[in-house]
Number of protein chains: 2
Amino acid sequence: MGSQEQTTLAARNQLFYGTFIYPKTLTDLEYLHNTAVAVDQNGTIVAIERDFDLSQAASTLFPRLGWAPDSVSIHSSLASHNQFFFPGFIDTHLHAPQYPNVGIFGKSTLLDWLETYTFPLEASLSDPAKARTVYNRVIRKTLSHGTTCAAYYATKDVTTTNLLADLCLRAGQRALVGRVCMDQLSPKYYRDASAADSVAATRESITYIESIDPTGTIVRPVITPRFAPSCSAPLMAELGKLAAETGLPVQTHISENEGEIALVKEMFPAKKIGAKGDTYTHVYDTFGLLTDKTILAHGVHLSEEEVQIIKARGSKVSHCPCSNSALTSGAARVRWLLERGIEVGLGTDMSGGYSPSVLEMARQAALVSRHVAMGCAPAKKENKGEKENKGEKESEAETEGKTNEDGNSEKESKANQANKDGIDRERAKLTVEEVLYLATKGGAELVGMKGKVGGFEVGMEWDAQLIGLGRDVVDGEYEDEEKEEEGNVDVFGWESWPNKVAKWLFNGDDRNTRKVWVKGRLVHERK
Amino acid sequence: MGSQEQTTLAARNQLFYGTFIYPKTLTDLEYLHNTAVAVDQNGTIVAIERDFDLSQAASTLFPRLGWAPDSVSIHSSLASHNQFFFPGFIDTHLHAPQYPNVGIFGKSTLLDWLETYTFPLEASLSDPAKARTVYNRVIRKTLSHGTTCAAYYATKDVTTTNLLADLCLRAGQRALVGRVCMDQLSPKYYRDASAADSVAATRESITYIESIDPTGTIVRPVITPRFAPSCSAPLMAELGKLAAETGLPVQTHISENEGEIALVKEMFPAKKIGAKGDTYTHVYDTFGLLTDKTILAHGVHLSEEEVQIIKARGSKVSHCPCSNSALTSGAARVRWLLERGIEVGLGTDMSGGYSPSVLEMARQAALVSRHVAMGCAPAKKENKGEKENKGEKESEAETEGKTNEDGNSEKESKANQANKDGIDRERAKLTVEEVLYLATKGGAELVGMKGKVGGFEVGMEWDAQLIGLGRDVVDGEYEDEEKEEEGNVDVFGWESWPNKVAKWLFNGDDRNTRKVWVKGRLVHERK
Ligand SMILES: [Zn+2]
Ligand SMILES: [Zn+2]
């Protein structure tokens, strides 16, 4: 315990000074300049001073905080290098053992991708040496991209699932670590022998993970039914009970791909499992797996009815745009989910998705929202119909108040309809601010850290990145070698801060992530 | 002239040795190992020796080539660092002056994006100092991403357009450089005073560019009507004549966005301009702007009729997936174009597109093709109808022979239809091999360099990149700092070469582009 405390806590008080940017709301970023953020030894933000004179810190701020001046480390963002502090990213869905397969998916879609690429690799990770190499790599890689918290699927193997938790704890990356439950469908070489075995192994892993981090500050177990087709009804029922008994979070997949949805319908008819309805969502709901701590990955093809159930249970959705596009799963309607009050975060879903970067996910969320705007939404017609019939169910959040008020005439003119379509299309698009919200504050809601991380406010914990866009471009022609290392964002000097943030979103990469902290501890630094 | 020759030619004979990968056909990459490629002082490939013993070069190969051993520089790809040689990328459409705006587009679409972001910036680039900074930056940036040839729009300003050509020549990047013609629609501060002025300025720029590189080996002028709405009928007619008179290539935009298409229809009714039809394509065709050297950017919403005209004229299409998604323009049907025999390359279309990387375009072309497969094609229904009616127009290229043979019954069962849809959808997807073909060999067709660049064959010129994926990952945990600089591709050691190429396509960036050559001359190197 003692040594673990040392690895997970910063040893000193810290004062961060300069420019801070963070999502205030879904639609607005806060920009603070010349600001000081005081972070205590526990990694908690204890003061935020705007328009602060750093030279006065020792005489004004530190005494107020009861800090001896020589107990404080000071870190400034360099204005000359277009640096700013930003909340750490939260990857709300990824598979650590699949990391070696990123980019390798051919023309496959979900079910053949699992058989061809995924199950063999996951099974091979029961080798602890291989698992150590892969898991260290994925932790280090995601940290280098600013991921301060990740919701990991491991494999069905207990020993190496526990190893993943050990390695996250040691690296200081917050993690939900899930031992994967799967007692059917997958090949025999990679399947739990029975529901009882699956639950027992899950309990074993939970016990271990809780033993290495009893407060759950850095690593926590998460109940992880792979997805409905991989789990028998008895297994899901037992896991639902386990969730109720332990209060632990749950993560699984839902409604990713049409073939999968048809399979679920075939495997779990409502009558057979005693469900109140015939959808994918009803299956999980029947077994008690939809809690207010449940992360549902994908949700691409959800119906209005399903979303209302998910909303009622308080479950959340992890949007995985890269995976959904790569595996031809569909284009998830994030605006539509948000308008219904669903909390949404972003997931890399490696290796369905190929990128380890949540910044890239934010970028792709913006692109996919434009594909939705261009008519790529899978269930568009259905939802239009529903909308017209159930006007009262329309959410208030984020609507522009233009679309639902004039739905009166049956014989609406074509022009009006086109105009309505135009507004709907426009509305689907996610802004720079919105996708960065999903990457941070939105993600915090999914991993049970709402109000704790994802922003900079007193009482929150210091999970943060120092972003540097590099010095302004001057006409150096060929001598500006240093710029090269600083990455692909070019600032010319005339840009507003929102412009700079947009440039970072669209061309930034791990080179711009200069330092990363979790709970005040420096967990990554670029040399 | 003498000094120019020196800057554009390699001084020595060169022997490249190791692994070479290049597109053999649209669907297949060639993998050559232990191979030697001999490149003479003119940058031309004069020999390719498979299964070559490098230690025998001086006694066997060099004498045959008439090379004194000490006149040869030898460059090997390092197997230990997963290096290979690959053809240089060709960016078939981008706007050099818009580079400072990459990533800044908000929620705009084409026409408001032009007004808000683009025209003011382009106009400001008539300042030579600013132009020098921006143009040097975009050349250096695209070279660092492996772009050995680029088809640039400059601005309407002659002096700085000529400067762009100077800078490309000096940097050794092959370029088509186009002075932009626009005598209407745009704001008064950024518009040619008349058609005559526009043509005169264009001739002036052509004369200059031809004077600095009389053979057109590195830089060439290109006739560049911005797009139909920016050009009066007399201007387009004059530019068509100029193309016929000079034999120079032409570049313009076509059918990018629905609002633009409606505008073209309104501005250029067939009757008024004497066109044989009512489409965007007919406008350009009427004015003689569709030649076998014409690059048409976008082509998102083209109809079957338009594609047949484009095919008949031998004009080509630059697919700009990043721009089309970012500006909500639509999802271009690349497979559909290829099947009709249209030659297709990739364009970054900065700053409609935000990325300077053709590798990223290849990646996004793969993703957009999946969105097309998911039903995002703009004119899907229309084309289905056309397909059924005009079965004889179906192209032979690349079809799988499954869809068109059973289109007999009017009352086809639903299941059959679903199956047909499934095959159609599957077919839309572009493979790793195909998008890399578009990025290289496909692009070469657009810029008039078919058979000269885009592959490694005797007689072709050495426009190439040395790609390095870095050393295999071992369990170094935290000590493998060097890996960081090598980028985001992680090779674990068990991957096949096609796997490695897929990993590069999906997670590679400029860090993997270790060296870049144009016509044998080293034009970029990462330190
Ligand atoms: Zn997943
Ligand atoms: Zn363009």
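Since the structure is predicted, the reported quantities are computational estimates derived from the model, not experimental observations.

*Asks:* Let's hear about the coordination of the zinc ion (ligand 1): which residues, and what values?
*Replies:* Where a metal carries four tetrahedral donors, each ideal angle is 109.5 degrees; where it carries six octahedral donors, the ideal angles are 90 or 180 degrees. Residues and elements named next belong to chain A. Bound to the zinc ion (ligand 1) are the protein donor atoms H93 (NE2), H95 (NE2), H253 (NE2) and D349 (OD), situated 2.0 to 2.2 Å from the metal. One way to put it: the 4 donor atoms around the zinc ion (ligand 1) meet at angles of 90 to 168 degrees, and that makes the site irregular. On the primary sequence, the residues serving as donors to the zinc ion (ligand 1) are separated as H-x1-H-x157-H-x95-D. Within this pair, whereas H93 is found in strand β6 (residues 89-95), its partner H253 is found in strand β12 (residues 250-254), the two being separated by 160 residues in sequence. Overall, the relative accessible area of 1% leaves H93 in the buried class. Classification of H253 as buried rests on a relative accessible area of 6%.

*Asks:* Describe the interface of chain B and chain A, and please don't skip the residues or the numbers.
*Replies:* Listed per partner, the contact involves 75 residues of chain B and 75 residues of chain A. Carbon and sulfur atoms make up 49% of the surface buried where chain B meets chain A, a total of about 6500 Å² over both sides. Summed over the shared surface of chain B and chain A, the number is 8 salt bridges. R511(A) is the partner of D510(B) in a salt bridge, and the nearest nitrogen-oxygen pair spans 2.7 Å. Among the elements of the structure, α4 (128-144), α5 (158-171), α12 (321-326), α14 (358-376), α16 (414-428), α18 (481-485) and α19 (497-507) of chain B are those that each provide at least two residues to the side of chain B that touches chain A. Residue contributions to the side of chain B that touches chain A peak at 10 residues, all from α14(B). Each residue belonging to the side of chain B that touches chain A can be placed in one class, and the counts come to 23 nonpolar, 23 polar and 29 charged.

*Asks:* Explain the state of the cysteines to me, and be specific about the residues and the numbers.
*Replies:* All names here are of chain A. On inspection of all chains with the given rule, the structure shows 0 disulfides over all chains. C231 supplies the cysteine sulfur nearest to C181, a cysteine that is in no disulfide, at a spacing of 6.5 Å. Taking relative accessible area as the criterion, C181 reaches 0% and is therefore assigned buried. When its relative accessible area of 0% is taken as the criterion, C231 is described as buried.

*Asks:* Pulling in residues and values, what's your account of the side chain of T252(B)?
*Replies:* Residue and element names in this part refer to chain B. By secondary structure assignment, the location of T252 is in strand β12 (residues 250-254). Looking at T252, its side chain comes within polar contact range of the main-chain oxygen of P225, at 2.7 Å. Beyond its immediate sequence surroundings of up to four residues, T252 is in contact with Y153, P225, R226, F227, Y284, I295, L296 and A297.

*Asks:* So what's going on with the packing of aromatic side chains? Which residues, and what values?
*Replies:* Tallied over the entire structure, the rule returns 46 aromatic pairs over all chains. Ring geometry for F20(B) versus W462(B): centroids 6.2 Å apart, planes at 70 degrees, classification edge-to-face. One end of the pair, F20(B), is in strand β1 (residues 13-23); the other, W462(B), is in the loop between α17 (432-446) and β16 (464-468), with 442 residues separating them in the sequence. In this pair, the class of F20(B) matches that of W462(B), namely buried. Their ring planes at 15 degrees and their centres at 5.9 Å tell us that F89(B) and W504(B) sit as a pair that is stacked. Within this pair, whereas F89(B) is found in strand β6 (residues 89-95), its partner W504(B) is found in helix α19, the two being separated by 415 residues in sequence. The class of W504(B) is buried, set by a relative accessible area of 1%. By way of ring pairs, the aromatic residues F16(A), F20(A), Y22(A), F85(A), F456(A), W462(A) and W517(A) are connected into one cluster.

*Asks:* Talk me through the relation of the copies chain B and chain A; I want residue IDs and the actual numbers.
*Replies:* For the match of chain B to chain A, the screw axis carries a shift of 0.0 Å, the RMSD comes to 0.0 Å, and the turn is 180 degrees. Here the symmetry operator amounts to a two-fold rotation axis. Within chain B, C376(B) has its C-alpha nearest the rotation axis, a separation of 2.3 Å. Interface overlap between copies is the fraction of interface residues in one copy that are interface residues in the other; for chain B against chain A it reaches 100%, indicating a shared surface.

*Asks:* Quick rundown of the coordination of the zinc ion (ligand 2)? Include the residues and the values.
*Replies:* All names here are of chain B. Each protein donor to the zinc ion (ligand 2) is listed here as H93 (NE2), H95 (NE2), H253 (NE2) and D349 (OD); together their distances run 2.0 to 2.2 Å. One can describe the site at the zinc ion (ligand 2) as irregular: its 4 donor atoms subtend angles covering 89 to 168 degrees at the metal. Of note, the donors binding the zinc ion (ligand 2) are all from one chain and are spaced H-x1-H-x157-H-x95-D. Here H253, found in strand β12, pairs with D349, found in the loop between β15 (344-346) and α14; they are 96 residues apart in sequence, far enough to count as distant. Assigned by exposure class, H253 and D349 land together as buried.

*Asks:* An account of the sheet that holds strand β10 (residues 219-221) of chain B is needed here, citing residue identities and associated values.
*Replies:* All names here are of chain B. One open sheet holds the 4 strands; their spatial order is β6-β7-β8-β10, and the pairing between them is parallel. Edge strands, defined here as strands with exactly one partner in the open sheet, are β6 and β10. Neighbour-to-neighbour, the strand axes of this sheet turn through a mean angle of 15 degrees, independent of strand direction. In this sheet, strand β7 (residues 147-153) lies alongside β6 in parallel orientation, the contact comprising 5 bridges. Looking at β7, one finds that I90 is bridged to C149. Relative to the sheet, α5 contacts β7, β8 (174-178) and β10, its axis offset from that of β8 by approximately 180 degrees.

*Asks:* Outline the sheet that holds strand β15 (residues 344-346) of chain A, listing residues and values.
*Replies:* All names here are of chain A. Across the sheet, which stays open at both edges, the 4 strands sit in the order β12-β13-β14-β15 with parallel pairing between neighbours. Only two strands of the sheet have a single neighbouring strand rather than two, namely β12 and β15. Taken over all neighbouring pairs, the strand axes of this sheet differ in orientation by 30 degrees on average, direction set aside. Both β12 and strand β13 (residues 294-298) contribute to a ladder of 5 bridges, which runs parallel. Bridge pairing links V250 to T294 in β13.

*Asks:* Which residues make up the pattern of salt bridges, and what values go with them?
*Replies:* Counted by the stated rule, this structure contains 56 salt bridges over all chains. The residue K156(A) makes a salt bridge to D192(A) at a minimum N-O spacing of 4.0 Å. Note that K156(A) is positioned in the loop between β7 (147-153) and α5 (158-171) and D192(A) in the loop between β9 (180-181) and α6 (195-212), a separation of 36 residues in sequence. Take K156(A): its relative accessible area is 21%, and that puts it in the partly exposed class. Between E525(B) and K515(B) there is a salt bridge, with the nearest N and O atoms lying 3.8 Å from each other. Remark: K515(B) occurs in strand β17 (residues 513-518) and E525(B) occurs in strand β18 (residues 521-525); sequence separation between them is 10 residues. A residue is classified by how much of its surface remains accessible, and E525(B), at 32% relative accessible area, is partly exposed.

How each quantity is defined
- Residues numbered from 1 in each chain as written.
- Chains lettered and ligands numbered in written order.
- Predicted model: local features only at pLDDT ≥ 70, side-chain atom pairs only at ≥ 80, totals over all residues.
- Heavy atoms only, no water.
- Donors = N, O, S within 2.8 Å, 3.2 Å for Na, K, Ca; no water.
- Tetrahedral: all angles 85-135°; square planar, octahedral: opposite > 155°, others 65-115°.
- Helix = DSSP H or I, 4+ residues; strand = E, 2+ residues; numbered from the N terminus.
- Buried < 20%, exposed > 50% of the residue type's maximum accessible area, 1.4 Å probe, protein only.
- Contact = heavy atoms within 4.5 Å.
- Buried area = accessible area lost by both parts, 1.4 Å probe.
- Salt bridge = Lys/Arg side-chain N within 4 Å of Asp/Glu carboxyl O.
- Nonpolar A, V, L, I, M, F, W, Y, C, P; charged D, E, K, R; others polar.
- Disulfide = S-S within 2.5 Å.
- Polar contact = N/O pair within 3.5 Å; in protein donor to acceptor, adjacent residues only side chain to side chain.
- Phe/Tyr/Trp six-rings, centres within 6.5 Å; stacked < 30°, edge-to-face > 60°.
- Least-squares fit on C-alpha atoms with pLDDT ≥ 70 in both.
- Pairing = 2+ DSSP bridges.
- Axes fitted to C-alpha atoms, helices over the stretch in contact; angles between N-to-C directions.

Bear in mind that shape data such as this cannot, by itself, settle questions of function.
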